[in-house]
Amino acid sequence: MARPLSVAIVGAGMGGLATAAALRRVGIDVTVYEQASQFARIGAGIQIGCNAMKVLRALGLEARMRGQSFYPRSWNNRDWKSGDIKFDMIFGESAEEKFGAPYLLAHRGDLHAALASAVPDEVVRLNHKLVGLDQTNEGVRLGFADGTRAVADAVVGADGVHSAVRDILFDTAPVKFAGRIAYRTTYPATLLGGEKIDDCTKWWGEDRHIVIYYVKPDRSEVYLVTSQPEPDFRIESWSAKGDVRDLRASFAGFHPQVGKVLAACPDVHKWAIMDREALDRWADGKVTLLGDACHPMTPYMAQGAAMAIEDAAVLSRCLDGVDRDGVMDAFRRFEATRKVRTTRVQETSRANIWLRERTDTSWVYGYDAWSVPLAA
Ligand code: FAD
């Protein structure tokens, strides 16, 4: 019997782990190389769209995520000052029925841990920072910062917005700082001292917004994430802290409910928001990009991780049953199937008007990565 195709995945983020799990489903031998020495649970929430949940369901993670996440009735959109409702996007059971899966609000660490649980530990090699790639007749050679090497039939660069794989393959312009920053954190809801807040609301200001939602089924943990101008801040790091007093000052005058959430907030991370135009190509030979590495986006549709997770499912379908000689065609098919959608999401996200008023959301949440026709 022919040996299975071997695929090296660079990056054990949302896209890399989802890809590892999806490729293993179709019998591919995967190894994931991650630069970090351990997985940290950083205070951030993540909205898991119905479209991403359909992928997670097939990876066996639906029950786990339902059990750990908040199931919102809606994503409400309100005016920053008056609190007037601009558009209440109803989720809950009606959206679940319409789009075929639930919309969940999770702790980012819970989603990452769930994806990690879908891949055996021995498949993930921590402390492996990719620094070089070399395509040979025997396969693709990977070189790591500690001097070790590996070889695989094909490589998937799922190494995020600052992708080393992308920089090795293509001469691309650097990612752009959007001139805006996000403060974000999670904290125990007990700190609200019994104050009642909305379950999930985006508060729309003139040049800034704040999104606040629960990330646990029992409303025990609150998450907030903002976007506001700050052209000179360029640090994009999970360890960069912000000053919660600055955060409160930037949202002074917002609706009293926002004031309560910020008054109770003990600590906050600060993150420069990045953007990039769509790349001309995602693949070169037997190496392809996936997720933020090829289509990073501003976070305003809450769909960046969802796109990486959808990529994983579609890539597994393209590689299903393919041998070493078929990899390049499979990668072209993957890109041709995914690019129109991810570019549309990138552009829609950049406009930052998603759900500000009545919006047709079916094209986003109704998508099923397991059944969408593959490009010829
Ligand atoms: P990442 O998750 O960034 O993973 C990349 C991995 O590659 C990392 O583990 C990194 O350490 C590793 N790596 C990097 N370089 C190397 C190297 N040289 N060698 C080895 N490993 C390497 N998306 C949603 O769907 N819903 C949301 O609600 C949402 N909210 C967001 C809020 C904010 C403020 C931001 C900034 C983003 C948000 N996103 C959201 C987007 C989402 O976080 C990203 O789109 C998603 O993490 C992309 O996944 P990825 O696997 O492509 O990259």
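Residues numbered from 1 in each chain as written. Predicted model: local features only at pLDDT ≥ 70, side-chain atom pairs only at ≥ 80, totals over all residues. Heavy atoms only, no water.

Trainee: Describe the sheet that holds strand β8 (residues 130-136), naming the residues involved and giving the relevant values.
Mentor: Reading across from one edge, β8-β9-β10 is the order of the 3 strands in this open sheet, with antiparallel pairing throughout. Every other strand in the sheet has two partners, leaving β8 and β10 (149-152) as the edge strands with one partner each. Taken over all neighbouring pairs, the strand axes of this sheet differ in orientation by 20 degrees on average, direction set aside. Pairing of β8 with strand β9 (residues 139-144), which is carried by 6 bridges, proceeds in the antiparallel orientation. Looking across to β9, one finds that T136 is bridged to G139. (Pairing = 2+ DSSP bridges. Helix = DSSP H or I, 4+ residues; strand = E, 2+ residues; numbered from the N terminus. Axes fitted to C-alpha atoms, helices over the stretch in contact; angles between N-to-C directions.)

Trainee: Outline the packing of helix α1 (residues 14-25) against helix α5 (residues 108-117), listing residues and values.
Mentor: In helix packing, the relevant descriptors are the interaxial angle and the interaxial distance, both defined with respect to the helix axes. In contact at an axis separation of 9 Å, α1 and α5 are set at 30 degrees when each is read in the N-to-C sense. With respect to each other, α1 and α5 are oriented roughly parallel. Every pair of crossing elements has a handedness; the one defined by α1 and α5 is left-handed. Contact with α1, carried on its side by M14, L17 and A18, involves R108, L111, H112, L115 and A116 of α5 and no other residues of that element. A breakdown of the residues in the contact of α1 with α5 according to their chemical character gives 6 nonpolar, 1 polar and 1 charged. (Parallel < 35°, antiparallel > 145°, perpendicular 65-115°, else oblique. Left-handed = near helix turned anticlockwise from the far one by under 90°. Contact = heavy atoms within 4.5 Å. Nonpolar A, V, L, I, M, F, W, Y, C, P; charged D, E, K, R; others polar.)

Trainee: Describe in detail the pairing of strand β3 (residues 45-48), supporting the description with residues and values.
Mentor: Alternating positions in β3 separate into two faces, G45 and Q47 on one and I46 and I48 on the other, with burial throughout. Looking at chain direction, β3 and strand β6 (residues 104-107) are connected through 4 bridges and run antiparallel. Note on β6: the bridge partner recorded for Q47 is L105. (Buried < 20%, exposed > 50% of the residue type's maximum accessible area, 1.4 Å probe, protein only.)

Trainee: Describe the side chain of R180, naming the residues involved and giving the relevant values.
Mentor: In this structure, R180 sits in strand β12 (residues 176-188). At 5.9 Å, D207 is the nearest oppositely charged side chain to R180, a buried residue that forms no salt bridge. At 2.7 Å, the side chain of R180 forms a polar contact with the backbone oxygen of D207. Setting aside residues up to four positions removed in sequence, R180 forms contacts with D207, R208, S227, Q228, P229, E230, W271, A272, I273 and Y300. (Lys, Arg positive; Asp, Glu negative; His and termini not counted. Salt bridge = Lys/Arg side-chain N within 4 Å of Asp/Glu carboxyl O. Polar contact = N/O pair within 3.5 Å; in protein donor to acceptor, adjacent residues only side chain to side chain.)

Trainee: Outline the site of the ligand, listing residues and values.
Mentor: Around the ligand lies a shell of 31 residues, among which G15, E34, Q47, R108 and D292 are the nearest. Here A302 contributes a backbone N or O atom positioned 3.1 Å from a nitrogen atom of the ligand. Interatomic distance of 3.0 Å between a backbone N/O atom of A305 and an oxygen atom of the ligand. For the shell around the ligand, the secondary structure elements donating two or more residues are α1, β3 and α9 (304-319). Residue composition of the shell around the ligand, by class: 14 nonpolar, 11 polar and 6 charged. (Near = heavy atom within 4 Å.)

Trainee: Describe in detail the sheet that holds strand β16 (residues 241-242), supporting the description with residues and values.
Mentor: Reading across the sheet, the 8 strands line up as β5-β4-β13-β14-β15-β12-β17-β16 and stay open at both edges, with mixed pairing between neighbours. Every interior strand has two partners, whereas the edge strands, β5 (85-90) and β16, have only one. This element, helix α8 (residues 256-264), spans β4 (74-79), β12, β13 (200-204), β14 (209-214) and β15 (221-229) of the sheet and lies at about 70 degrees to β14.

Trainee: Tell me what's going on with the packing of aromatic side chains, and back it up with residues and numbers.
Mentor: Under the definition given, this model contains 12 aromatic pairs. Here the aromatic rings of F251 and F254 are separated by 4.9 Å at their centres, their planes lie at 70 degrees, and the arrangement is edge-to-face. Pair check on accessibility: F251 and F254 agree, each one buried. Clustering of aromatic rings is evident, with ring pairs tying together F91, F99, Y103, W354, W363 and Y365. (Phe/Tyr/Trp six-rings, centres within 6.5 Å; stacked < 30°, edge-to-face > 60°.)

Trainee: Which residues make up the nonpolar core, and what values do they have?
Mentor: Membership of the largest hydrophobic core comes to 129 residues, with the highest contact counts inside it found for I48, L115, L142 and Y365. Apart from the residues lying within four places of it in its own chain, the contact partners of L142 are A8, V10, Y33, L130, G132, L133, T148, R149, A150, V151, A152 and V155. (Core = buried A, V, L, I, M, F, W, Y, C linked by side-chain atoms within 4.5 Å.)

Trainee: So, the pattern of salt bridges: which residues are in play, and what are the values?
Mentor: Inspection of the entire model under this criterion finds 24 salt bridges. For E195, the salt bridge identified is with K260, shortest N-O distance 3.3 Å. Here E195 is found in the loop between β12 and β13, whereas its partner K260 is found in helix α8, with 65 residues between them in sequence. Owing to a relative accessible area of 34%, K260 belongs among the partly exposed residues under this scheme. Across the pair K241 and D267 runs a salt bridge, and its minimum N-O distance is 2.5 Å. Linking K241 in strand β16 with D267 in the loop between α8 and β17 (268-275), this pair joins segments that are 26 residues apart in sequence.

Trainee: I'd love a proper account of the pairing of β4, names of residues and values included.
Mentor: Of all 6 residues in β4, 6 are buried; the element is thus mostly enclosed. In β4, alternate side chains face the same way, and those of S74, N76 and R78 on one face and W75, N77 and D79 on the other are all buried. In this sheet, β5 lies alongside β4 in antiparallel orientation, the contact comprising 5 bridges. Bridging from a neighbouring strand, W75 pairs with M89 of β5. Taking the residues between adjacent antiparallel strands as the criterion, β4 and β5 are bridged by 5 residues, where G83 takes a positive phi near 80 degrees.

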